[in-house]
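The lines below spell out each chain.
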Amino acid sequence: MDRFLVTGGAGFLGSHLCDSLLAKGADVVCIDNFFSGNKDNIRHLFSRNFFELIRHDIIHPLFVEVDKIYHLACPASPIHYQLNPIKTVKTNVMGTINMLGLAKRIKARILLASSSEVYGDSQVHPQPESYWGNVNPIGLRSCYDEGKRVAETLMMDYHRQNNVDIKIARIFNTYGPRMAIDDGRVVSNFIVQALKKESLTVYGDGSQTRSFCYVSDLVHALMTMMDADEFSGPVNLGNPAEFTIIELAEKIVKLTKSSSKIVHKPLPSDDPVRRCPDISLANDKLHWTPKIDLEEGLVKTIDYFKEKLGL
Ligand code: NAD
Ligand code: UDP
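Okay, so let's go over this structure. Remember, predicted model here, so these are calculated numbers, not experimental data.

About the cut-offs
- Residues numbered from 1 in each chain as written.
- Chains lettered and ligands numbered in written order.
- Predicted model: local features only at pLDDT ≥ 70, side-chain atom pairs only at ≥ 80, totals over all residues.
- Heavy atoms only, no water.
- Salt bridge = Lys/Arg side-chain N within 4 Å of Asp/Glu carboxyl O.
- Helix = DSSP H or I, 4+ residues; strand = E, 2+ residues; numbered from the N terminus.
- Buried < 20%, exposed > 50% of the residue type's maximum accessible area, 1.4 Å probe, protein only.
- Phe/Tyr/Trp six-rings, centres within 6.5 Å; stacked < 30°, edge-to-face > 60°.
- Near = heavy atom within 4 Å.
- Polar contact = N/O pair within 3.5 Å; in protein donor to acceptor, adjacent residues only side chain to side chain.
- Areas by Shrake-Rupley, 256 points an atom, 1.4 Å probe, with all protein chains shown as cover.
- Nonpolar A, V, L, I, M, F, W, Y, C, P; charged D, E, K, R; others polar.

1. Structural notes on the pattern of salt bridges
Counted under the stated rule, the structure contains 18 salt bridges. Between Arg109 and Asp229 there is a salt bridge, with its nearest N and O atoms 2.9 Å apart. Taken as a pair, Arg109 in strand β5 (residues 109-115) and Asp229 in the loop between α6 (215-227) and β11 (235-237) lie far apart in primary sequence, 120 residues in all. Exposure remark for Asp229: the relative accessible area of 56% places this residue in the exposed category. We note a salt bridge from Asp157 to Arg160, for which the minimum N-O separation is 3.0 Å. Placement of the pair is Asp157 and Arg160 together in helix α4 (residues 142-162), with a separation of three residues, close to one helical turn. With a relative accessible area of 30%, Asp157 lands in the partly exposed category. For Arg160, a relative accessible area of 58% gives the class exposed. Each of Glu117, Arg141, Arg210, Asp271 and Arg275 takes part in salt bridges that share partners, so that together they form one network.

This is the structure in structure tokens:
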């Protein structure tokens, strides 16, 4: 049985990944400092024999023995990663060095959860892996965007210099149950606002686009990538169906049968205008394509938040 380390395992994606690994009979060590994650996401796993939780901050070295490492630790929502931007850089740089050092010592394969943010405010559409991006190095999003870019650099350099077995996954906007209610990302914000009959806060005119991947599709892609022996990426993982933020707001109002209105708020700085993954590489190398369309995924996510809000 393989033993996996999941950094950021108490977060939104990490907790679903822990579930799926355990369901496949793996032994899972989850580490988290609970900066943006929550014990409630993994509480149902505490009694499982093959699940261990360690409270640990990855900016400090970690000594464990595992076969494979999923490196997800890093706040993902703009409000969370901008709360303490220096810490976000430390997590991406020192944290990734620590995890790569661990992978090198124990000869473990390591997968980095990178981000579509490495493309910044992209001038190429949809974004292929070959595009080098258009990133502001000194803006409010830079701690995350540049943090992920240097994390990718570190992965490649540990591979070239120390032969570490690496995988780089560039994740595009993913949503689903267990996003935090106060997470600040658009899907959870709009659903919570609609369910509470508050106005939906569209930033800017809402013409900016995103492509939304349901969490089960993404977790499946990460596990397929980890198992791919001859392919290390970077690979785009996301759902290529593209929507404007206004379209998303209208869909959520309709699906929740809410009386909420839409209000416009200022657009945050450096907010990418268009984002959509070119997933031909994932199709080709991993034979992966997302299965859950936006409406189906939103219904499942709305059900989760209804329960969470006691509605
Ligand atoms: P999340 O914020 O829910 O989860 C991140 C987890 O990492 C949290 O549990 C947090 O407490 C933990 N963490 C943060 N800093 C840490 C540190 N220094 N030491 C230990 N643990 C730490 O976010 P998520 O959506 O689950 O994202 C997981 C990963 O996937 C992140 O690396 C993120 O950048 C990447 N990603 C996510 C998306 C998405 O749409 N969900 C898109 C692109 C990339
Ligand atoms: N957004 C919005 N209202 C919100 C939250 C986000 O209009 O309440 C917009 C945000 O400006 C961005 C898009 O939705 O254009 C996606 O934002 P999110 O924070 O989910 O992720 P991003 O892709 O920007 O990292």
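The discussion continues.
2. Concerning unusual backbone geometry
Most peptide bonds take the trans configuration, and most residues that are not glycine carry a negative phi. Of note, the bond from His125 into Pro126 is cis; its omega dihedral lies within 30 degrees of zero at -15 degrees. Tracing the backbone through its elements, the reader meets Pro126 in the loop between β5 and α4. Between Gly233 and Pro234 the backbone carries a cis peptide bond, its omega angle lying at 0 degrees. With respect to the helices and strands, Pro234 occurs in the loop between α6 and β11. Positive phi values are uncommon outside glycine, yet Phe34 reaches one of about 60 degrees.

3. Let's talk about the packing of aromatic side chains
What characterises a pair of aromatic rings is the spacing of the ring centres plus the angle enclosed by the ring planes. All chains considered together, the criterion is met by seven aromatic pairs. Judged by centre distance (6.5 Å) and plane angle (85 degrees), the rings of Tyr175 and Phe212 are edge-to-face. Of this pair, Tyr175 sits in strand β7 (residues 174-175) while Phe212 is found in the loop between β9 (209-211) and β10 (213-214), placing the two residues 37 residues apart along the sequence.

4. Notes on the site of ligand 1
As a structural note, the neighbourhood of ligand 1 is formed by 29 residues, with Leu13, Asp32, Ser36, Leu72 and Tyr144 the closest of them. The side chain of Tyr144 places a nitrogen or oxygen atom 2.5 Å from an oxygen atom of ligand 1. Take Arg185: an N or O atom from its side chain is 2.9 Å from a nitrogen atom of ligand 1. Calculation on ligand 1 without its partners gives an accessible area of 820 Å², and the protein chains cover 97% of this total. Only α1 (12-23), β5 and α4 provide two or more residues apiece to the shell around ligand 1. Sort the elements by how many residues they give to the shell around ligand 1 and β5 lands first, with three residues. Class assignment for the residues of the shell around ligand 1 results in 14 nonpolar, 11 polar and four charged.

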